[in-house]
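Now for the letters of each chain:
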Amino acid sequence: MSFRAFIVANPLAGAGQVEKEWDQLERMLRTTLPECDYAFTEGPNHATLLAREALKDGWEMIVGIGGDGTFNEVVNGFFEKPDPDAIELEDGF
């Protein structure tokens, strides 16, 4: 079974090793995930935006490459912050 995968990669992870070794990483990823695309993060919270947009675009799998911060941001991309003005509370709650 093959999934369409979008890869969110932090090029600065591993002291820049992700960017330096990207060609090799991409070849290995495409062996396992033949239908994939990727984007590099460009700063704080960018991984969240990339993951969120990939999900909205119908990608079936999101892959994060980086460290704890990158993974945290990718996971946050699965959840939208609610608009507090759009929430109607019933019975004073």
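Data block above holds the structure.
On a predicted model such as this, the values are computed, not experimentally measured, just so you know.

Q: Please explain the packing of aromatic side chains as it appears in this structure.
A: For the coordinates displayed, the defined rule picks out four aromatic pairs. Between Trp 22 and Phe 40, the ring centres sit 5.1 Å apart and the planes meet at 70 degrees, which makes this aromatic pair edge-to-face. Taken as a pair, Trp 22 in helix α2 (residues 22–32) and Phe 40 in strand β2 (residues 36–40) lie far apart in primary sequence, 18 residues in all. Residue Trp 22 is classed as buried on the basis of its relative accessible area of 4%. Plain terms: the ring middles of Tyr 38 and Phe 40 are 5.5 Å apart, the flat faces sit at 65 degrees to each other, and that makes the pair edge-to-face. Classification of Phe 40 as partly exposed rests on a relative accessible area of 27%.

Q: Hey, could you run me through the nonpolar core in this one?
A: One broad rule of soluble globular proteins: the nonpolar side chains tend to lie buried together. Core analysis: the largest hydrophobic core is formed by 11 residues, namely Ala 5, Ile 7, Ala 9, Ala 13, Val 18, Trp 22, Leu 29, Leu 33, Cys 36, Val 63 and Ile 65. At the level of elements, β1 (5–9), α1 (13–20), α2 and β3 (61–65) are the ones that each hand at least two residues to this core. With sequence-adjacent residues up to four places away left out, Ile 65 is seen in contact with Ile 7, Val 8, Ala 9, Asn 10, Val 18, Trp 22, Leu 29, Thr 70 and Phe 71. In this structure, Phe 6, Ala 54, Ile 62 and Val 74 belong to the second largest nonpolar core, which totals 10 residues.

Q: Any chance you could explain the pattern of salt bridges here in plain terms?
A: Two side chains bearing opposite charge may form a pair once their charged atoms approach each other closely. Under the criterion given, the structure shown has two salt bridges. A salt bridge links Glu 35 to Arg 4, with the shortest nitrogen-to-oxygen separation between them at 3.0 Å. Taken as a pair, Glu 35 in the loop between α2 and β2 and Arg 4 in the segment before β1 lie far apart in primary sequence, 31 residues in all. When its relative accessible area of 43% is taken as the criterion, Glu 35 is described as partly exposed. You can call Arg 4 partly exposed: its relative accessible area is 25%. The shortest N-O distance in the salt bridge between Glu 26 and Arg 30 comes to 3.0 Å. Separated by four residues within a single helix, Glu 26 and Arg 30 lie in helix α2, roughly one turn from each other.

Q: Help me out: how do you make sense of the sheet that holds β3 in this one?
A: Hydrogen bonds along the backbone pair up the strands of a sheet, which may run parallel or antiparallel. Taken together, the three strands give an open sheet; going across it, the order is β2-β1-β3, and neighbouring strands pair in parallel fashion. Only two strands of the sheet have a single neighbouring strand rather than two, namely β2 and β3. Across the sheet, the axes of successive neighbouring strands diverge by a mean angle of 20 degrees, strand direction being ignored. Here five bridges tie β1 to β3, and the two strands are oriented parallel to one another. Along β3, the bridge assignment pairs Val 8 with Gly 64. Sheet contacts for helix α4 (residues 68–76): β1 and β3; angle to β3, the most-contacted strand, approximately 160 degrees.

The rules behind each value
- All residue numbers here refer to positions counted from 1 along the written sequence of the relevant chain.
- The predicted origin of the model limits local features to residues at a pLDDT of at least 70 and limits the giving and counting of side-chain atom pairs to 80 or more, whereas totals for whole chains, interfaces and linings rest on all residues.
- Excluded from the side-chain calculation are hydrogens and water; included are all heavy atoms of the structure.
- Only Phe, Tyr and Trp rings are paired, with Trp represented by its six-membered ring, and only when their centres lie within 6.5 Å; those with planes under 30 degrees apart are stacked, over 60 edge-to-face, the remainder tilted.
- Per the convention used, a helix needs a DSSP run of H or I reaching at least four residues, while a strand needs a run of E reaching at least two, with both numbered from the N terminus.
- Burial here depends on accessible area, computed with a 1.4 Å probe over protein chains only, as a share of the maximum for the residue type. Under 20% is buried, over 50% is exposed, and the range in between is partly exposed.
- By nonpolar core we mean a set of buried residues, namely Ala, Val, Leu, Ile, Met, Phe, Trp, Tyr and Cys, connected to one another through side-chain atoms within 4.5 Å.
- By the convention used here, residues are in contact when the closest approach between their heavy atoms is within 4.5 Å.
- Note on definitions: salt bridges are taken to be side-chain nitrogens of Lys or Arg within 4 Å of carboxyl oxygens of Asp or Glu.
- Being paired, for any two strands, means DSSP has found at least two bridges between them.
- Whenever a helix is involved, its axis is fitted only over the stretch in contact; in every case the axis is a line through C-alpha atoms, and angles between N-to-C directions fall within 0 to 180 degrees.

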